[in-house]
Amino acid sequence: MAAPRRRPGGESTVLVDAIRAADLPPGQPEVWMAGERAAMLAVRAHLLDERGYPRGRVRPTTYWRRGESGN
């Protein structure tokens, strides 16, 4: 069986797909997350738009953007 094709962060939806499928705690927990910009924005959009989390309780931090250097 062939290994799955790997895609760089920002192209893959594996993180947001996993969160979509997850049973998250009931209520309105605080969410802090950090990672590549596109991935964090996708997760944030899911939590706000699809799960109805309040904007003030979802705090993404984007440490890098795919294709850009940190310099």
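Residues numbered from 1 in each chain as written. Predicted model: local features only at pLDDT ≥ 70, side-chain atom pairs only at ≥ 80, totals over all residues. Heavy atoms only, no water.

In the nomenclature of an unreviewed UniProt entry, the protein corresponds to SIP domain-containing protein from the organism Actinokineospora soli.

Trainee: Could you clarify how one ought to interpret the packing of helix α1 (residues 14–21) against helix α2 (residues 37–50) in this entry?
Mentor: Each packed pair of helices is defined by two parameters, the angle between the axes and the distance between the axes. The N-to-C vectors of α1 and α2 enclose an angle of 25 degrees; their axes lie 8 Å apart at closest approach. When the interaxial angle is binned, α1 and α2 end up roughly parallel. Viewed along their axes, α1 and α2 form a crossing whose handedness is right-handed. Judged by residue contacts, L15, V16, I19 and R20 of α1 engage A39, M40, A42, V43, H46, L47 and E50 from α2. Taken together, the residues of the contact of α1 with α2 sort by class into eight nonpolar, one polar and two charged. (Axes fitted to C-alpha atoms, helices over the stretch in contact; angles between N-to-C directions. Helix = DSSP H or I, 4+ residues; strand = E, 2+ residues; numbered from the N terminus. Parallel < 35°, antiparallel > 145°, perpendicular 65-115°, else oblique. Left-handed = near helix turned anticlockwise from the far one by under 90°. Contact = heavy atoms within 4.5 Å. Nonpolar A, V, L, I, M, F, W, Y, C, P; charged D, E, K, R; others polar.)

Trainee: Would you explain the pairing of strand β1 (residues 31–36) in this entry?
Mentor: Successive side chains on a regular strand alternate, one facing one side of the sheet and the next facing the other. Both β1 and strand β2 (residues 58–64) contribute to a ladder of six bridges, which runs parallel. Paired with M33 across the strands is P60, a residue of β2. One crossover worth recording links β1 to the parallel β2 by way of α2, and it is right-handed. (Pairing = 2+ DSSP bridges. Right-handed = clockwise from strand over helix to strand, strands pointing away.)

Trainee: Which parts of the structure should I look at to understand the environment of E30?
Mentor: In this fold, E30 is placed in the loop between α1 and β1. The exposure class of E30 is partly exposed, given its relative accessible area of 47%. For the pair E30 and R57, spaced 27 residues apart in sequence, the C-alpha separation works out to 4.8 Å. (Buried < 20%, exposed > 50% of the residue type's maximum accessible area, 1.4 Å probe, protein only.)

Trainee: I'm lost on the environment of A42 in this one. Help?
Mentor: Tracing the chain through its elements places A42 in helix α2. Residues A42 and T13 lie 29 residues apart in sequence; the distance between their C-alpha atoms is 8.4 Å.

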